[in-house]
Protein chains: 2
Amino acid sequence: MTVGIRDVARAAGVSTATVSRALGSGPVSEALREQVEAAVRATGYRPNLSARRLRSQSARTIGLIVADIRNPFFTAVSRAVEDAAFAEGMRVILCNTDEDPAREAMYLRLMEEERVTGVIFAPTGGGAESLRERSLGFPVVLIDRAGPPGAHDSVVLDNPAAGAGLVDLLVRQGFSRIGGLFGSTSSTARERRAGYEAAMVRHGLVPSVRTVAPNAAAAEAAAARWLAEADRPEALVLSNGLILMGAVRAARAAGLRVPDDLALAGFDNEPWTDLVEPGLTVVEQPVDEIGAQAMRLLFERIAQPDQPVRKVVLSGRTVLRGSTRRG
Amino acid sequence: MTVGIRDVARAAGVSTATVSRALGSGPVSEALREQVEAAVRATGYRPNLSARRLRSQSARTIGLIVADIRNPFFTAVSRAVEDAAFAEGMRVILCNTDEDPAREAMYLRLMEEERVTGVIFAPTGGGAESLRERSLGFPVVLIDRAGPPGAHDSVVLDNPAAGAGLVDLLVRQGFSRIGGLFGSTSSTARERRAGYEAAMVRHGLVPSVRTVAPNAAAAEAAAARWLAEADRPEALVLSNGLILMGAVRAARAAGLRVPDDLALAGFDNEPWTDLVEPGLTVVEQPVDEIGAQAMRLLFERIAQPDQPVRKVVLSGRTVLRGSTRRG
DNA sequence: AAGCGCACTGAAAACGTTTTCAGTGCGTCT
DNA sequence: AGACGCACTGAAAACGTTTTCAGTGCGCTT
């Protein structure tokens, strides 16, 4: 039915071994190589990747497991990862867990069954912890959210510094009743929160923190409740783009003017953050570099499996906009 | 090295055939099935998907090729597709062409080499046309952008009606110098433009159209030029979410107030469209239904390959917001 | 009591490649 | 002239499964 390597071999008048070598890398005379290529064109041959992977015991595939494909941060990273992979002749399997540990576990098992070369992984919740127990059959590089130290290579933002930086900025503008609304599932949110709290204490202010599921609807509800209270904060630090969006909605709904009634500062320089009025002050992550560094760590780990574990920490860039301007 | 089905068989004291049947579907006594499952747990066995696919000649995988993963429309569709696929015990390979015909061709070839069960495809540019020539080894369902009629199943928005609807709405609000800024690469944009032009003519107005690469930067530049002209339009119809975003930026930059100086109406009810001030009037696409219908068509095509070609046309829902309110 | 069908099981073939192994022929060195 | 190495080639094994084929044993029918 479907044309296989033996059909090509017959058409070219050579053995299947020669076809395989001509298509891949092997010593083949120029004459035969051309014959084979002609036969491939004539027959419309497409190699069967399953057979190829089975025999060669190498999938040349890396898995990319992200927590939320709708988050522009992850789409940007995925693009960087894909480009780097193609440059090495590798495929990428993109998996979206939607912050669901069950989906995450399923994808991890899928990666095992696919016998992937390696995985770049943004774990949700306890994902990274459970990761340490089982030994997967492939190297893993964590991005965005680091697991327990020492288990896997990782590349993350300097989250404590970024969280503290937003507090410093707000304090400099004269705000003091600064609240923090953080995601409940990721280590990233925990670290940003730690930075926030440390900076508040350093400035002699009292931290005021709430946590929420990392989606816009939950964030809006939580922010709305908070803003309705008597001693509502005069500024908010939000731990990612979705939570920031929820906070903007809540402020609008409550009729609060930004930044006069409420200042906002968050993470992720998404396209819409400078479209709202006023623009939102955010910490921008070096997404391209995160993706590229993750691939670099992964390839180096594949080349030298017993290397010591490495952690790359990148700095964010604060984008100052109207939402934190006082007076 | 790695544990295979023969290791499980040995551990369970049965043949590999029995293990295979116990794990898949085959007549196996309850006692042996439990022995096998225990052996699987004990050995930590993970089936090798490449081997499984090779032997069974069935990938149980569908490919989803989209033009731009950053477009929330496609991420939403991909979620719907994925859910439907899992319900059938299938995997999804998500591919992002980024509107690049070369990447598109590469992914199409990859799908052939993966021997996928079927593909859901949002072609860019001439992709759909070239698709008709070669006969792929799998059924294809086109979404968002239909190719030449009669070649493939498809599910699309009623784009002409939606384009016309926006014009009608603007005319009703009293606008008459209504321009249209459309993407240059997709059939979707062409259809929306056709609807726009027909409606303009029907209202006795002169259509005024420009086309632009479907990204926010290009759209902003084009809109900026247009708005700087002496006889600039008093309202704009924008053919997708990215172009709409570009137009908003251009209006801001030009210091035009929306909707007093310039009304805006576009496509895709993205989260940010009600965050800007004023909110943007858009046609919302039934993304979940598009994904679900596409999977339905695909599965039915797989079941009955010689069915006549079908085309599902869905209606958009107009979301009225401040950007088109006059006076 | 023999025959039949049914439910289950194992040995071995098969899936489409790559890779090993064992040659070829030919040029070069001694 | 013979030995050796080199560049190339084909036959066949191998990758890890599923599936076919050919039994088993057992209960039921005739």
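Residues numbered from 1 in each chain as written. Chains lettered and ligands numbered in written order. Predicted model: local features only at pLDDT ≥ 70, side-chain atom pairs only at ≥ 80, totals over all residues. Heavy atoms only, no water.

Looking at an unreviewed UniProt entry, chain A carries the name Ribose operon repressor, with the source organism given as Methylobacterium hispanicum.

So, about the protein's contact with DNA strand D. With respect to spatial proximity, 25 residues lie near DNA strand D, and among them T18, L32 and R55 of chain A together with I5 and S20 of chain B are the closest. At a separation of 3.0 Å, a sugar or linking oxygen of DNA strand D approaches a polar side-chain atom of Y45 of chain B. Those elements that place two or more of their residues in the surface near DNA strand D are α2 (16–23) and α4 (49–56) of chain A together with α2 (16–23) and α4 (49–56) of chain B. For the surface near DNA strand D, the class distribution of residues is eleven nonpolar, eight polar and six charged. (Near = heavy atom within 4 Å. Polar contact = N/O pair within 3.5 Å; in protein donor to acceptor, adjacent residues only side chain to side chain. Helix = DSSP H or I, 4+ residues; strand = E, 2+ residues; numbered from the N terminus. Nonpolar A, V, L, I, M, F, W, Y, C, P; charged D, E, K, R; others polar.)

Let us look at empty space enclosed by the protein. Residues and elements named next belong to chain A. All told, the structure shown has ten cavities of 30 Å³ or more when counted by the stated rule. The computed volume of the largest cavity comes to approximately 190 Å³. Of all elements in the fold, only α5 (72–87) and α9 (187–202) reach the threshold of two or more residues within the lining of the largest cavity. Sorting elements by how many residues they give to the lining of the largest cavity places α9 first, with three residues. (1 Å grid on protein atoms, 1.4 Å probe; cavity = no way out; pocket = protein on both sides within 12 Å on 5 of 7 lines; lining within 4 Å. Points joined across faces, edges and corners; volume = space filled by probe spheres on them.)

Residue and element names in this part refer to chain A. Helix length check: helix α10 (residues 216–227) (twelve residues) gives 16 Å between terminal C-alpha atoms against 16 Å at 1.5 Å per residue, within 8%. Within α10 the residues assigned to the buried category are A216, A219, A222, A223, W226 and L227. The buried residues of α10 occupy an angular sector of 130° when the element is viewed end-on, so they sit on one face. In α10, those exposed residues whose orientation departs by more than 90 degrees from the buried face are A217 and R225. Lining the buried residues of α10 we find β6 (178–183), β7 (208–212), β8 (235–238) and α11 (241–253). Where α10 starts, the residue carrying a side-chain oxygen 3.2 Å from the main-chain nitrogen of A217 turns out to be N215. (Expected span 1.5 Å × (residues − 1). Buried < 20%, exposed > 50% of the residue type's maximum accessible area, 1.4 Å probe, protein only. Arc of directions from axis to C-beta. Contact = heavy atoms within 4.5 Å.)

What follows is about the nonpolar core. Residues I120 and V155 of chain A together with I120 and V155 of chain B are the most contacted members of the largest nonpolar core, which totals 55 residues. For this core, the leading source of residues is helix α12 (residues 287–303) of chain A, giving seven residues. Apart from residues no more than four positions distant in its own chain, I120 of chain A is found in contact with I62, G63, L64, I65, V81, V141, I143, A294, M295 and L298 of chain A. Formed by 53 residues, the second largest nonpolar core is a distinct cluster that contains A250 of chain A together with M245, V276 and V282 of chain B. (Core = buried A, V, L, I, M, F, W, Y, C linked by side-chain atoms within 4.5 Å.)

Residue and element names in this part refer to chain B. One open sheet accounts for six strands, arranged β2-β1-β3-β4-β5-β11; its pairing is parallel. Each edge of the open sheet carries a strand with a single partner, namely β2 (91–96) and β11 (311–314). Neighbour-to-neighbour, the strand axes of the sheet open up by a mean angle of 15°, direction not taken into account. Here four bridges tie strand β1 (residues 61–66) to strand β3 (residues 118–121), and the two strands are oriented parallel to one another. Pairing of I65 across the sheet is with F121, part of β3. Its contacts with the sheet put helix α6 (residues 101–114) on β1, β2 and β3, and the angle it makes with β2 is roughly 160°. (Pairing = 2+ DSSP bridges. Axes fitted to C-alpha atoms, helices over the stretch in contact; angles between N-to-C directions.)

Residue and element names in this part refer to chain A. Enumeration according to the criterion identifies six aromatic pairs over all chains in this entry. Both rings, one in F73 and one in F74, keep their centres 5.0 Å apart while their planes meet at 65°; by these two values the pair is edge-to-face. With respect to class, F73 is no different from F74; both count as buried. The ring of F267 has R192 lying over it, and the distance from NZ or CZ to the ring centre is 4.0 Å. (Phe/Tyr/Trp six-rings, centres within 6.5 Å; stacked < 30°, edge-to-face > 60°. Lys NZ or Arg CZ within 6 Å of the ring centre and 35° of its normal.)

Our next topic: the interface of chain B and chain A. In this complex, chain B contributes 42 residues to the contact, which on the side of chain A involves 42 residues. Summed over both partners, the interface of chain B with chain A buries about 4,100 Å², with 51% contributed by carbon and sulfur atoms. It is R46, R115 and L275 of chain B that lose the most area in chain B upon contact with chain A, and together they represent 17% of the buried surface on that side. Close ionic contact of D83 of chain B with R103 of chain A constitutes a salt bridge, the shortest N to O distance being 3.5 Å. Summed over the shared surface of chain B and chain A, the result is 26 residue pairs in polar contact (both at pLDDT 80 or more). (Buried area = accessible area lost by both parts, 1.4 Å probe. Salt bridge = Lys/Arg side-chain N within 4 Å of Asp/Glu carboxyl O.)

Next up on the list: the relation of the copies chain B and chain A. Between chain B and chain A, the superposition needs a rotation of 180° and an axial shift of 0.0 Å, giving an RMSD of 0.1 Å. Here the transformation between the copies is reduced to the relation of a two-fold axis. Mapped onto chain A, 100% of the interface residues of chain B are again interface residues, and the two copies thus contact each other with one and the same surface. (Least-squares fit on C-alpha atoms with pLDDT ≥ 70 in both.)

So, on to helix α10 (residues 216–228) of chain B. Taking 1.5 Å per residue, 13 residues should reach 18 Å; α10 of chain B reaches 18 Å between its end C-alpha atoms and fits that length. On its buried side, α10 of chain B packs onto β6 (178–183), β7 (208–212), β8 (235–238) and α11 (241–253) of chain B.

Before going further, it helps to spend a moment on the protein's contact with DNA strand C. Taken together, 25 residues lie around DNA strand C, and I5, S20 and R55 of chain A together with T18 and L32 of chain B are the ones closest in. Among all atoms of DNA strand C positioned within 4 Å of the protein, those belonging to sugar or phosphate total 61%. T18 of chain B has a polar side-chain atom sitting 2.5 Å from a phosphate oxygen of DNA strand C. Contact distances for DNA strand C include 3.2 Å between a phosphate oxygen and a side-chain N or O atom of Q57 of chain B. For the surface near DNA strand C, the elements supplying multiple residues, two or more each, are α2 and α4 of chain A together with α2 and α4 of chain B. It is α4 of chain A that contributes the most residues to the surface near DNA strand C, four residues altogether. Partitioned by chemical class, the residues of the surface near DNA strand C number eleven nonpolar, eight polar and six charged.

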